[in-house]
Amino acid sequence: GSLLYLDTLRATFPRALAPRSTALLSWSPGSPRVPAGWPLPTLYCTPAPAAALPSRAAALRVQLLFALRERGLRVLEAGMAAELHDALVALRTGWPELTQDLALGRLSPQPGLPEGVRGRLQALLAPDAVRAAQLRAECARGFEGIVRRLWPQLELVVVGMAHGAEQQYCHVLRQADCAGLPVYCPFYRAAGALLGMNLWPEEPAHRFLLCPDWAFYEFLPCPAEEEPQTVLLGELWEGREYRLVLTARPGEYRCHAGEVLRVTGFHKQCPVVEPVRRESQTLSVRGESIPEDRFCRSLCRAVGMWPGSRLVDYVCVESDLLGASSGVCAPHYEVFVELQGLRDLSEGQRYKLDQCLQEDFPLYKSFRFKGSIGPLRLHLVGAGAFARLREALASPGPMPRVLREKRLLQLVQSSVIS
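Residues numbered from 1 in each chain as written. Predicted model: local features only at pLDDT ≥ 70, side-chain atom pairs only at ≥ 80, totals over all residues. Heavy atoms only, no water.

### Some words on the packing of helix 9 (residues 347-360) against helix 10 (residues 362-370)
Packed helices, taken two at a time, are described by the angle their axes make and the gap between the axes. Where helix 9 contacts helix 10, the axes come no closer than 5 Å and their chain directions differ by 120°. The angle between helix 9 and helix 10 falls in the class oblique. Residue-level inspection shows D354, L357, Q358 and D360 of helix 9 in contact with helix 10, the latter providing P362, Y364, K365 and R368. (Axes fitted to C-alpha atoms, helices over the stretch in contact; angles between N-to-C directions. Helix = DSSP H or I, 4+ residues; strand = E, 2+ residues; numbered from the N terminus. Parallel < 35°, antiparallel > 145°, perpendicular 65-115°, else oblique. Contact = heavy atoms within 4.5 Å.)

Now the structure itself:
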């Protein structure tokens, strides 16, 4: 997989493989590694110990500082699109301190950065007043398209995960900070196994060639049949959706991967697939079963009706998970949304989301008409709320879109501004 990744970069972006031309922004506590799976020390300008710090926020800030000192950067690489987004949020809020550290060649003390590690990392820095002045000038102009302005030679952004919950962050990056840059996700993983490779880094849609000797694949057609029969790689049809049944090499176990894939075409004789959704991520208070991907489309359509707004992230849960704080009305959806460009919504604007759901899901509209599902409640949370949530979770994995633990909901609720 790593060889295919490097060969794809060589064919499409040959200058991306220059020494020290890649900056890594990824948190992997206890085991420094890179999302590509192959640590190439000559390729990265980021010191490996920076990824293994006990604090996610400290790790991203230190990695960002080492990235900022490199003028000729070609690639920004992150474990998840959300990690890159959080690092750029840290740049927005902390650029005066970062540029000062860069000018003085120092690494300021901060929570989550042990003194011994700080000393070793600081020894790798040198004062660079010229570069610091360039960064101050660009940040003072604003942050739209900031990535291309800070690193004019940058060619692409590489993320280890870009589907499911991470797809929204890829969209946010393309719209604002990383405008004009391709966001490339090289690998498709499921159930702990590496399954496919993206051979098309310049394309906006992330599609993956399933490599036939990496695992044993079976597929169940969607929608489910009365007597489902699995089909194999050579029996797939272009344009159809399938549930993935996987037998991975480690342990040779067979399981439902919980992934729904759409066949978008073929590369020679091997199918090329696009992840559509995870089966477990659905909303249902009366059996209406709204999948995550379709709820997200309805939400994005509603956001398009709020002038000047841009969706950063959201969480939607059934009201019974909130207990008494959700009120005494009929079961309903509680939606927590982080927006850019808009700090408040009128009641009419908030109702647009409920209206979009009714238009997109007739069963939901029927339950709303009967009163068995109450009106959706929409809450705005403060900027950076989801970044702080990921830090509080203290986990390098992706945050599930539909939360099932009340303690996580409390963290989101504490950030509500309206």
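### What to know about the domain arrangement of the chain
Often, the extent of an interface is quoted as the loss of accessible area on bringing the components together. Domain annotation of the chain identifies domain 1 (1-185), domain 2 (207-279) and domain 3 (284-414). The centre of domain 1, based on its C-alpha atoms, is set 34 Å off from the matching centre of domain 2. When domain 1 packs against domain 2, the two sides together hide about 420 Å² of surface, and 66% of this comes from carbon and sulfur. In terms of surface lost to domain 2, no three residues of domain 1 exceed L4, H163 and C185, which account for 69% of the buried area on that side. Taken together, the links from domain 1 to domain 2 amount to zero salt bridges. (Domains from an automatic or database assignment. Buried area = accessible area lost by both parts, 1.4 Å probe. Salt bridge = Lys/Arg side-chain N within 4 Å of Asp/Glu carboxyl O.)

### So, helix 5 (residues 129-140)
For helix 5, with twelve residues, the first-to-last C-alpha span of 16 Å sits near the 16 Å given by 1.5 Å per residue. Packing partners of the buried residues in helix 5 comprise helix 2 (56-68), helix 3 (81-104) and helix 6 (146-150). Of the residues flanking the end of helix 5, it is G142, one or two places downstream, whose phi is positive at about 115°. (Expected span 1.5 Å × (residues − 1).)

### What about the pairing of strand 3 (residues 156-159)?
Burial of strand 3 is two-sided: the residues L156 and V158 facing one way and the residues V157 and V159 facing the other way are all buried. Bridge analysis of strand 2 (residues 75-78) against strand 3 gives four bridges, and the strand direction is parallel. Directly across from E77, in strand 3, lies its bridge partner V158. The pairing of strand 3 with strand 4 (residues 183-184) spans two bridges and is classified as parallel. Directly across from V158, in strand 4, lies its bridge partner Y184. (Buried < 20%, exposed > 50% of the residue type's maximum accessible area, 1.4 Å probe, protein only. Pairing = 2+ DSSP bridges.)

### Focus: the pairing of strand 9 (residues 241-248)
Taken residue by residue, a regular strand's side chains alternate between the two faces of the sheet. Of all the eight residues making up strand 9, eight are buried; the element is thus mostly covered by neighbouring parts of the structure. By the alternation rule, side chains of strand 9 split into E241, R243, V245 and T247 and Y242, L244, L246 and A248, which are all buried. Two elements, strand 8 (residues 215-222) and strand 9, share eight bridges in a ladder whose sense is antiparallel. Note that in strand 9 the partner of C222 across the bridge is E241. The pairing of strand 9 with strand 10 (residues 254-267) spans six bridges and is antiparallel. In the sheet register, E241 faces strand 10, and the bridge partner there is R262.

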